[in-house]
Amino acid sequence: MVGSETLGKRVLGIYLPLAFFIFFLLFPFYWMSLVSFKPTNDLFELKYNPFWLQTFTLENYLYLFQNTDFSEWLKNTLIISVVSTVLSLGCSILIGYALARLRFPGSNFLGVGIFLAYLVPPTLLFIPLSQVIAKLNLYNTYWALILTYPTQLIPFASWLLMGYFRTIPKEIEECAMADGCTRMQALVKIILPLSLPGMISAGIFCFTLCWNEFLYALIFMSSGPMKTIPVGTVSDLIKADTLFWGALMASAVLGSFPIAFLYSFFVKYYVEGLTAGAVKR
Amino acid sequence: MAKVVLENISKMFGKVAAVKNCDLTVEDKEFVILVGPSGCGKSTALRMVAGLEEPTTGTIYIGDRAVNDLPPKDRDIAMVFQEYALYPHMSVYKNMAFALKLRKFPKEEIDQRVREASDILGIQDLLDRKPKQLSGGQRQRVAVGRAIVRKPAVFLFDEPLSNLDAKLRVQMRAELSKLHDRLQTTIIYVTHDQVEAMTMGTKIVVMKDALIQQIGTPLGVYNFPVNLFVAGFIGSPVMNFIPCRVLSKDGRLMIDAEAFQLPIPEKKAPYYQALAGSEAFFGIRPNDIYDRLFAPEHLKENAIRAVVDVIEPLGSEIHLNVTAGKHNLVAMVDTQTNVRMHQEIELAIDLNKMHLFEKNPPNLRIAAE
Amino acid sequence: MGSETVKSRGGRSLRRLLDRESSLGIILMLPGALLLIIFMAYPFFLGIWLSLTDSVIGEMGDFIGFRNYTDLLGDSIFHQTARNTLIYALVTVPFKAMLGLGLAMVLSNRMRFSNPIRAAVMMPWIVPTALSTLGWFMILDPVFSPISWLLRSLGVIKQNINFLGDPILAISSVCLVNIWRGIPFFGITILAGLQAVPQELHEAAAIDGANAWHRFIHITIPTIRGVVLIAALLSIIWTFADFQLIYILTKGGPANTTHIFGTYAYQIGLSATDIGQGAAIALYMFPILAVFAILLLMYLRRD
């Protein structure tokens, strides 16, 4: 940084605001975790300080697995997220490659189309889409989400991968073709291994979005054991008047954990992916 | 080992022609150099031979096959790129073995060929390294090695030396010439560097603005450039061009450049007869201009006077930038020449090496062979 | 030779299709494009059709022209919905941008544990919104709110605050949660923009006599302007078309005062089974979304 800073300046300029941000941004998670480890009775005990744990318990987590469909939800969410991510990534690799490398009629138009598709929100489509899903008899099947999530994932993932493919020198691929590869072989043997970081970014992005999706899952997966974690937690654990706060928070913590865990391993890739569209283009 | 023929090849990118009506025959085992300024279409021509671009019109033959419809992999060619294009995720060994593996060669043969090629190029110790651990020169060798192991019918080189520093470039030039001699294979080599063209090629093809300007041996093109462009592009330092008028005086052809007049030698006169009375460019290479004091006797009669502007002593010779009348000239003179700036000097011109180019249109050439 | 050629023709023509750029390009686009057509383009047009009918769930209705649209113009809840959506999408943006900028400036300093800190502050953006919103749901609960507890213990209030039960407090609360969720997105995007500013530029300016404030105004702001604009447009589009945050916190209540287009369309179209009307509510978003999408596209393609 320019100029030397005194400790006092650093505290005022950096650590104080940092503390504010960390407190504000992380407090809800602290609160969720706290409540999830609290016995329900302690919540009602007004003389206790609610910001601290008086008694530690795992009863809320046990309740989740014993008295609700949580384990089913977990399985559903995992299967749907993995399959949908793989499918989207596959389609996006092909689209990204075609847009980055091939000259074909309509490619500019299709590129803009894909970008615009990125901006189409689920709320614009969910009503007619529910009719389509009904007609295809996909209600309460994994396919309802596996096939519809890619519409939210492919546009961004293609965009991201296209940018990544463009950073790989064209000559390498041409050389592979002169060496005896077909275009597809060159893609598989040369381009894909070289764009591994890009594919990790795109994959994490897709997986996160699948895992977090709420609206389509809410509408298309209404039967109890077919729900995903976010929908199951919201619709089955919030029952009028009798709120199981502990179980609710435990479910929220467990549902958030895999994403937070995955993310903390691949921060770099996620940030790259997130900012690719805005900064690098 | 094969002959390569381009028959009336054109390539359009949208409305822009990258290559126009190109006819070229590359004989078996020839080392052909496509040379020209950037954007002249030489790389596009090469890429069409490789199959990386589709010609808009015309037919390409490799050996006896028309290859227009064949993808690169089926053309039996190997290509070396300017940026080397080594596969970054593979070791040197794997880079070199890649093409053979794709063709399902037995392991022992792959190994034997890779070792052989790495011996030729002196990269035996680098086989386990990744490309990013190599220097520029080493990468270049690996790129060449990767082509050699294939034993292809035709080698294609796309400006392979332009990323190397000057010293390495000179060294690699010699090595590529040796390599061609040893492999006895057809090579098509693209460069913008006329020195590479002159030193390595058995045949050079000069291109400009999507058109082939001249095809010939290096010395043929150097001594008998067909137009102003080729004359100016081939040879270093660059040929001097002086606007002049061609006169016919007492049955002799003369060049009149206002500041001086020079007779056209009898031997050359018949070729330039048609230019009598018109504007033209008189071309003379700097090394055909002498300090009159040190010129061979028979050249001393054709001398001009000029004022010295800049003196560049290079050790083995001296370059003089001089002004004669209103014309600027460069002369390469003997190291014994003793002049100072702003002094006048007498320069003898070897008119047997002169060229004359018609002014309008400047690229139409009056034969001088 | 002749018979061999005939036999391999089928295989060869496929291979030629795969070798030619023009045909290969289209073949590669197909799988993804197909999904987008069936589950995005087709529903879009189906939605337009539905919005022009009096369809209810399970029964295709009759064509009624623009009645669904004109009916909505006279619906006071719809007016409120439109107002809420604009507040929710537009008013929150400056807060997200300013706080995001602040976060980015703080994070751009060299400090210990900067990687784990960056990872931690991203959490609101990356964990499932539905689940983190549940945390807020409890924080804003009339009985269990820790905020109420704190204020009560400090003697500021006598009674717990009913954050989600009062119209003004409810809309403010959902905006707050939305801002909370959006800060990291702005922060990390702006941080990336900040890091693209060469350090020499700051040093050169410092030598020229610019103080920290001048450098911020004349170097930092101009270089991140583009990034901020893009992040803001994206954020507006997403927030405008949000659903889950409001669905979980208020379900549009109290008394329909916090609906946005998404939740109101859900209530009318699916809960009340009036899908024609629901489709019309959702499609009211389209022109506004289109304007912001075009702005974004124009900005991105400006050179």
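Caption draft 1: The arrangement of the overall build of chain A in detail. Helix and strand content of chain A: 14 helices and 0 strands. Each helix and strand of chain A, placed in order from N terminus to C terminus, yields the pattern α-α-α-α-α-α-α-α-α-α-α-α-α-α. For chain A, the C-alpha radius of gyration of 23 Å lies well beyond 19 Å, the compact-globule estimate for 281 residues. Along the first, second and third principal axes, the C-alpha set of chain A runs to 75 × 65 × 35 Å. Taking the contacts inside chain A whose residues are at least 6 apart along the sequence as the reference set, 76% of them involve residues at least 24 apart.

Caption draft 2: The arrangement of the interface of chain B and chain A in detail. Between chain B and chain A, the contact holds 18 residues from the first and 14 residues from the second. Elements supplying a minimum of two residues to the side of chain B that touches chain A: β6 (77-80) and α2 (92-102) of chain B. Tallied by class, residues from the side of chain B that touches chain A come to 14 nonpolar, 1 polar and 3 charged.

Caption draft 3: Representation of the confidence of the model for chain A in the model. Averaged over chain A, the pLDDT score is 88; the fraction of residues at 70 or greater is 93%. Contacts of residues 277-281 of chain A to residues separated by more than four positions or lying in other chains number 13 contacts, the stretch itself having pLDDT below 50.

Caption draft 4: Examining the packing of helix α4 (residues 76-107) of chain C against helix α9 (residues 167-195) of chain C more closely. All names here are of chain C. Two numbers describe how α4 lies on α9: the axes approach to 6 Å, and their chain directions differ by 40°. Looking at the two axes, α4 sits oblique to α9. Regarding α4 and α9, the two cross each other, and that crossing is right-handed. Partitioning the contact of α4 with α9 into residue classes produces 19 nonpolar, 6 polar and 1 charged.

Caption draft 5: Geometry of the packing of α4(C) against helix α11 (residues 212-240) of chain C. Residues and elements named next belong to chain C. Running from amino to carboxyl end, α4 crosses α11 at an angle of 150°, the nearest separation of the two axes being 9 Å. Classified by the angle between their axes, α4 and α11 sit roughly antiparallel to one another. Between α4 and α11 the crossing geometry is right-handed. In contact with Thr-85, Tyr-88, Ala-89, Leu-90, Thr-92, Val-93, Lys-96 and Ala-97 of α4, α11 contributes Val-228, Ala-232, Ser-235, Ile-236, Thr-239 and Phe-240. Within the contact of α4 with α11, the residues separate by chemical class into 9 nonpolar, 4 polar and 1 charged.

Caption draft 6: Expanded view of the domain arrangement of chain A. All names here are of chain A. Per the domain assignment, the segments of chain A are domain 1 (7-59) and domain 2 (64-280). When each unit is reduced to the centre of its C-alpha atoms, the spacing between domain 1 and domain 2 is 32 Å. Listed by partner, the interface residues are 7 residues for domain 1 and 6 residues for domain 2. Among the elements of the structure, α1 (7-36) and α2 (40-44) are those that each provide at least two residues to the side of domain 1 that touches domain 2. Broken down by element, the side of domain 1 that touches domain 2 gets its largest block of residues, 4 residues, from α1. Among the residues forming the side of domain 1 that touches domain 2, the class breakdown is 3 nonpolar, 3 polar and 1 charged.

Caption draft 7: Looking closely at the domain arrangement of chain B. All names here are of chain B. Looking at the assigned domains, one finds that chain B contains domain 1 (4-233) and domain 2 (240-358). Placing a centre on the C-alpha atoms of domain 1 and another on those of domain 2 gives a separation of 39 Å. Residue classes in the side of domain 1 that touches domain 2 are distributed as 3 nonpolar, 1 polar and no charged.

Caption draft 8: Just the nonpolar core, in detail. In this structure, Ala157(A), Val49(B), Met79(B), Leu156(B) and Ile188(B) are the most contacted members of the largest nonpolar core, which totals 278 residues. With 15 residues, helix α7 (residues 142-166) of chain A is the single largest residue contributor to this core. The contact partners of Ile188(B), leaving out residues within four places of it in the chain, are Val4(B), Val26(B), Val32(B), Leu34(B), Leu46(B), Val49(B), Val154(B) and Leu156(B).

Caption draft 9: Fine view of the interface of chain C and chain A. Counting residues at the interface gives 83 residues for chain C, matched by 80 residues for chain A. Here the side of chain C that touches chain A is composed, by residue class, of 62 nonpolar, 17 polar and 4 charged.

Caption draft 10: Summary view of the sheet that holds strand β17 (residues 318-324) of chain B. All names here are of chain B. One open sheet accounts for 5 strands, arranged β15-β19-β16-β17-β18; its pairing is antiparallel. Of all strands in the sheet, those with a lone pairing partner are β15 (289-291) and β18 (327-333), marking the two edges. Going from strand to strand, the sheet's axes swing by 50° on average, the running direction of each strand aside. Across 6 bridges, the pairing between strand β16 (residues 303-313) and β17 is antiparallel.

Thresholds applied
- Residues numbered from 1 in each chain as written.
- Chains lettered and ligands numbered in written order.
- Predicted model: local features only at pLDDT ≥ 70, side-chain atom pairs only at ≥ 80, totals over all residues.
- Helix = DSSP H or I, 4+ residues; strand = E, 2+ residues; numbered from the N terminus.
- Rg over C-alpha atoms; globule rule 2.2 N^0.38 Å.
- Contact = placed C-beta atoms within 7 Å.
- Nonpolar A, V, L, I, M, F, W, Y, C, P; charged D, E, K, R; others polar.
- pLDDT = per-residue confidence, 0-100.
- Axes fitted to C-alpha atoms, helices over the stretch in contact; angles between N-to-C directions.
- Parallel < 35°, antiparallel > 145°, perpendicular 65-115°, else oblique.
- Left-handed = near helix turned anticlockwise from the far one by under 90°.
- Domains from an automatic or database assignment.
- Core = buried A, V, L, I, M, F, W, Y, C linked by C-beta atoms within 7 Å.
- Buried ≥ 20, exposed ≤ 12 C-beta atoms within 10 Å, placed from the backbone.
- Pairing = 2+ DSSP bridges.

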